Amino acid sequence: MTETPSPHVIDADTLSGGLKPIRQLILSLGSNLGDREANLQGAVDALRDTPDVVVVEVSPVYQTEPVGGPDESGPYLNIVLLADTTLGVDLLLERAHAVEEAFGRERSVPGAPRTLDIDLITYGQKTIETEELTIPHPRAHERAFVLAPWLDIERDAVLPGHGPVAELLAKVGTDGVTKLDIELQ
């Protein structure tokens, strides 16, 4: 008899035999070049196909005005994912960059238009500060395009070090942020 394991049950580490910790994370995804909706759906699919990552919830799609980019930047489509993982933060970041590259992301000018942008907003309750990564994301608390979709999927969300997401969103407002009638799978 074969059994299908639950995707929420994490196997023991094959090297040490110890259990790997499960961390809940928030990812923010955005696209303002090409087929924006297809880019986001493809990224969600790629993240779902990632071993040791379980996508728990995908927010509705928001259209947002670009923040801090060149004048010719068009509007973004943005979503937030809630996921569970046993991947270490370095492997998770590596996977996010690989997904961005698979969708033609070019890292040229900061804030430049892009086919896909994936930002790691939280990684459990951890605080991380390295050259490559700061967790929680250092500007998430002031970005309505992160806070609004996050609030849709987690009404009592708290951004570590900053407070309840609902209060943060009320503070920054929702100008330039429009919820669309698009839900990704």
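To be clear, the structure that these remarks concern was listed above.
As a starting point, this report considers the structure included with it.

Rules of the game
Residues numbered from 1 in each chain as written. Predicted model: local features only at pLDDT ≥ 70, side-chain atom pairs only at ≥ 80, totals over all residues. Heavy atoms only, no water. Helix = DSSP H or I, 4+ residues; strand = E, 2+ residues; numbered from the N terminus. Buried < 20%, exposed > 50% of the residue type's maximum accessible area, 1.4 Å probe, protein only. Contact = heavy atoms within 4.5 Å. Pairing = 2+ DSSP bridges. 1 Å grid on protein atoms, 1.4 Å probe; cavity = no way out; pocket = protein on both sides within 12 Å on 5 of 7 lines; lining within 4 Å. Points joined across faces, edges and corners; volume = space filled by probe spheres on them. Nonpolar A, V, L, I, M, F, W, Y, C, P; charged D, E, K, R; others polar.

**Quick notes on the overall build of the protein**
Across its full length, the protein holds four helices and ten strands. Helices and strands in the protein line up, N terminus first, as β-α-β-β-β-α-β-β-β-α-β-β-α-β. Across the 185 residues that make up the protein, the buried fraction comes to 46%. A separation of at least 24 residues holds for 68% of the contacts in the protein among residues at least 6 apart in sequence.

**Focus on the pairing of strand 5 (residues 117-123)**
Counting buried positions along strand 5 yields seven of seven residues, so the element is predominantly enclosed. Sheet analysis places strand 1 (residues 23-31) next to strand 5, joined by six bridges and oriented antiparallel. Within strand 5, the position partnered with Gly-30 by the bridge is Asp-117.

**Re the pairing of strand 1**
Within strand 1, seven of the nine residues are buried, which leaves the element mostly enclosed by the surrounding structure. Here nine bridges tie strand 1 to strand 4 (residues 76-85), and the two strands are oriented antiparallel to one another. Paired with Arg-23 across the two strands is Thr-85, which belongs to strand 4.

**Comments concerning empty space enclosed by the protein**
In total, this model carries one cavity of 30 Å³ or more according to the counting rule given. Lining the largest cavity we find Leu-27, Leu-47, Leu-92, Leu-93, Ala-96, Ile-118, Asp-119 and Leu-120. When its residues are assigned to classes, the lining of the largest cavity shows seven nonpolar, no polar and one charged.

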